[in-house]
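Here is what each chain is made of, one letter per residue.
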Amino acid sequence: MNLVVIGAQWGDEGKGKIVDFLAEDSELISRFSGGANAGHTIVTGETTYKLHLIPSGIIYPGKKVILGTGMVIDPQSMFEELATLTEQGIDWEGRVFISDRAHLVLPDYKAEDIELEKKRFNPIGTTGRGIGVTYAHKSHRDGIRIADMYDSNIWSRMPESYRTFLEPFKARIEKMKINLVAFMAEYKGKKVLFEGAQGILLDLDAGTYPFVSSGYSVAAGASVGGGIGPREIDRVLGVFKAYSTRVGNGPFPSEFNSERDGATEEMVRELGREYGVTTGRARRCGYLDLVALKYACRVNSIDSLVLTHIDVYDDFDEVSVCVAYEYEGETITDFPSSIEVMDGAVPVIKTFKGWNSSLKESTDYSHLPEEAQKYIEFIEEYTETSVDIISVGYRRSETFIRKDLWTRS
Ligand code: GDP
Ligand code: IMO
Ligand code: MG
């Protein structure tokens, strides 16, 4: 059973928390895309773990994790992250595997990323981690894969600076590298969790291009970058927040605006602690965009939605969602491709009565106040997709499930 967890917005939906929550029942957790641009947070008890490259399943003792073919890996960042995990008491030795087809982020790629960003006529606000440059080298067929470090011809012809950078990691990575497709064949029929990075609206093809990242955030990426065939994906989970956030530049039709929405953005940002894990940047905040969420459900064949951050609205008298965009006298309900249309779109808002109570202690849907249930049911109706997991706080324990996701029915 292969279960895929992806971000259904612009990233930072709480994928790390949900993958960690589901990891308890799975045998293998595989990240299939992105690199150290991602920042996935897991909070258990009093400890906060911040992961960038290592899959979120690592926090559970004994669980094996994979860095898949679709990832771009900076070995220095990876070993720093692993050292931090060791300091935090996580025994990861023998549990971390890397696809030998994954590409390496080399030191000058990061500088190139920062330089490119300065020259862009459309600055994206990249994380400066060399992500786009590595994927570009890969497409140009000039990239360096994990396997290439052990290919004597390629190794000997590589620029000296690459060899100097890679040499200290070579022996350690050799023990971790795998032939992913063969490895995954051994797990056929077992419970495997695929962890996406970024979010669908940052996907190179499906996202708000050019304001996107360069990897696959779509569910199909679990196959392309995860070493399984497309028909092996059994269920897709799309994680979304009760509101929307975006880091960096690009269109955001439902973004809060102080003239119309007063201090809502500041309130949401502070209550939701909306600051980037990777760059520390304040995240832009807005209404939950159901036009975009419905698009995400369609593009990814989402079977189950996972709602996070609903607790952020606990003290709001009213909770609103965006149900359409108005643009030049037209009402739009299909997510557009034009940046101009998205930039000029005015969100059509539907407002619900707030629940004015704390949801943090809820462990079952029936515990939720009627107002919260009405809000969730509207989302389900609009997107034609059920909300099967609800997260009511950042801790692992503040999560409940509405149906077993590991069965096929
Ligand atoms: P990811 O990139 O999708 O894994 O998400 P991030 O870790 O970048 O950002 C999500 C942030 O929200 C983290 O600080 C989480 O600890 C936190 N978080 C996750 N779920 C919830 C939730 O249901 N409620 C609240 N208040 N915070 C949450
Ligand atoms: P997780 O997995 C939110 C954004 C950057 C920038 C754009 C391109 O934590 O959800 P890049 O460095 O990838 O070339 O930057 O994409 N971005 C993210 N935003 N969450 C992420 O990952 C992101 N990864 C990249 O802010 O706008
Ligand atoms: Mg994040």
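What counts, and where the lines are drawn
Residues numbered from 1 in each chain as written. Chains lettered and ligands numbered in written order. Predicted model: local features only at pLDDT ≥ 70, side-chain atom pairs only at ≥ 80, totals over all residues. Heavy atoms only, no water. Near = heavy atom within 4 Å. Polar contact = N/O pair within 3.5 Å; in protein donor to acceptor, adjacent residues only side chain to side chain. Areas by Shrake-Rupley, 256 points an atom, 1.4 Å probe, with all protein chains shown as cover. Donors = N, O, S within 2.8 Å, 3.2 Å for Na, K, Ca; no water. Helix = DSSP H or I, 4+ residues; strand = E, 2+ residues; numbered from the N terminus. Pairing = 2+ DSSP bridges. Nonpolar A, V, L, I, M, F, W, Y, C, P; charged D, E, K, R; others polar. Core = buried A, V, L, I, M, F, W, Y, C linked by side-chain atoms within 4.5 Å. Buried < 20%, exposed > 50% of the residue type's maximum accessible area, 1.4 Å probe, protein only. Contact = heavy atoms within 4.5 Å. Arc of directions from axis to C-beta. Axes fitted to C-alpha atoms, helices over the stretch in contact; angles between N-to-C directions. Parallel < 35°, antiparallel > 145°, perpendicular 65-115°, else oblique. Left-handed = near helix turned anticlockwise from the far one by under 90°. Phe/Tyr/Trp six-rings, centres within 6.5 Å; stacked < 30°, edge-to-face > 60°.

Q: Would you mind going over the site of ligand 2 in detail, with residue names and values included?
A: If you check the shell around ligand 2, you find 20 residues, and the closest are Asp12, Lys15, His40, Thr127 and Ser213. Within the backbone of glutamine 198, a nitrogen or oxygen atom sits 2.8 Å from an oxygen atom of ligand 2. Protein coverage of the free-state accessible area of ligand 2, which is 550 Å², stands at 97%.

Q: Run through the coordination of the magnesium ion (ligand 3), naming residues and quoting values.
A: With distances of 2.0 to 2.2 Å, the protein atoms coordinating the magnesium ion (ligand 3) are Asp12 (OD) and Gly39 (O). With aspartate 12 in the loop between β1 (2-7) and α1 (15-23) and glycine 39 in the loop between β2 (28-31) and β3 (40-44), this pair connects stretches of sequence that are 27 residues apart.

Q: How would you summarise the sheet that holds strand β18 (residues 386-391) if you had to cite specific residues and measurements?
A: Taken together, ten strands build an open sheet; the order of strands is β9-β7-β5-β2-β10-β1-β11-β14-β18-β19 and the sheet is mixed. The open sheet has two free edges, formed respectively by β9 (177-178) and β19 (399-401), since each of these has just one partner strand.

Q: How would you summarise the site of ligand 1 if you had to cite specific residues and measurements?
A: In the vicinity of ligand 1, 19 residues are found, and the nearest of them are Lys15, Gly39, Thr41, Asp311 and Ser391. In this structure, an oxygen atom belonging to ligand 1 sits 2.8 Å away from a main-chain N or O atom of lysine 15. The separation between an oxygen atom of ligand 1 and a polar side-chain atom of threonine 41 is 2.6 Å. A total of 590 Å² of accessible area belongs to ligand 1 in isolation, and the protein chains cover 96% of it. If you list the elements that add at least two residues to the shell around ligand 1, you get α1 and β3. The greatest single-element share of the shell around ligand 1, amounting to three residues, is contributed by α1. Its residues placed into classes, the shell around ligand 1 shows four nonpolar, nine polar and six charged.

Q: Can you tell me about the nonpolar core, naming the residues and giving the values?
A: With 74 residues, the main nonpolar core has Ile310, Tyr313 and Tyr375 as its most contacted residues. Other than its neighbours up to four places away in sequence, tyrosine 313 contacts Ala242, Tyr243, Phe256, Val268, Val319, Ser320, Trp355 and Tyr375. In this structure, Met1, Ile58, Ile59 and Met158 belong to the second largest nonpolar core, which totals 56 residues.

Q: Any chance you could break down helix α10 (residues 264-271) for me, citing the residues and the numbers?
A: Along α10, the residues classified as buried are Thr264, Glu265, Val268 and Arg269. For α10, the buried positions fall inside an angular range of 125° around the axis, keeping them on one side. Buried residues belonging to α10 abut β12 (243-246), α9 (258-261) and β13 (284-289). Within two residues after α10, arginine 273 carries a phi angle of roughly 50°, on the positive side.

Q: Explain the pairing of strand β4 (residues 47-51) to me, and be specific about the residues and the numbers.
A: As paired strands, β3 and β4 are joined by five bridges and run antiparallel to one another. Its bridge partner being in β4, isoleucine 42 is matched across the sheet by tyrosine 49.

Q: I'd like a rundown of the pairing of strand β7 (residues 96-99), residues and numbers included.
A: Of the two faces of β7, the one lined by Val96 and Ile98 and the one lined by Phe97 and Ser99 are each fully buried. Bridging between strand β5 (residues 64-67) and β7 involves three bridges; their strand directions are parallel. Within β7, the position partnered with valine 65 by the bridge is valine 96. Bridging between β7 and β9 involves two bridges; their strand directions are parallel. By the bridge assignment, isoleucine 98 is partnered in β9 with lysine 177.

Q: Quick one: what's the story with the environment of serine 391, residue by residue and with numbers?
A: Note that serine 391 resides in strand β18. Sequence separation of serine 391 and serine 320 is 71 residues, and the distance between their C-alpha atoms is 19 Å. Setting aside anything within four residues of it in sequence, one finds serine 391 in contact with Lys17, Ile18, Leu307, Thr308, His309, Ile310, Asp311, Glu398 and Thr399. Polar contacts involving the side chain of serine 391 include one to the main-chain carbonyl oxygen of glycine 393, which spans 3.2 Å.

Q: Give a description of the packing of helix α11 (residues 290-300) against helix α13 (residues 370-383) that names residues and reports values.
A: As a packed pair, α11 and α13 sit with axes 9 Å apart at the nearest point and diverge in direction by 55°. With respect to α13, the axis of α11 lies oblique. Relative to α13, α11 is oriented so that their crossing is right-handed. Contacts between α11 and α13 pair Leu290, Val291, Leu293, Lys294 and Cys297 from the former with Phe378, Ile379, Tyr382 and Thr383 from the latter. In the contact of α11 with α13, the residues fall into seven nonpolar, one polar and one charged.

Q: Which residues make up unusual backbone geometry, and what values go with them?
A: Peptide bonds are trans in most cases, and residues, glycine excluded, mostly fall at negative phi. Across the junction of tyrosine 209 and proline 210, the peptide omega takes the value 10°, indicating a cis bond. Looking at the element boundaries, proline 210 is found in the loop between β10 (192-195) and α8 (221-224). The backbone phi angle of aspartate 12 is positive, close to 60°, even though this residue is not glycine. Non-glycine residue asparagine 356 carries a positive phi angle of around 45°. Looking at the secondary structure, you find asparagine 356 in the loop between β17 (346-353) and α13. We classify asparagine 356 as partly exposed; its relative accessible area is 44%.

Q: Tell me what's going on with the packing of aromatic side chains, and back it up with residues and numbers.
A: Applying the stated criterion across every chain yields a total of 14 aromatic pairs. A centroid spacing of 6.4 Å and a plane angle of 90° characterise the contact between tyrosine 109 and tyrosine 162, whose relative ring orientation is edge-to-face. Of the two residues, tyrosine 109 is situated in helix α3 (residues 107-119) and tyrosine 162 in helix α6 (residues 160-174); the sequence distance between them amounts to 53 residues. According to the relative accessible area criterion, tyrosine 109 is buried, its value standing at 1%. Ring centres of tyrosine 295 and phenylalanine 335 lie 5.0 Å apart, and the angle between their planes is 35°; this geometry places the pair in the tilted category. Of the two residues, tyrosine 295 sits in helix α11 while phenylalanine 335 sits in the loop between β16 (330-332) and α12 (339-344), which places them 40 residues apart along the sequence. On the basis of relative accessibility, which here comes to 22%, the residue tyrosine 295 falls in the partly exposed class.

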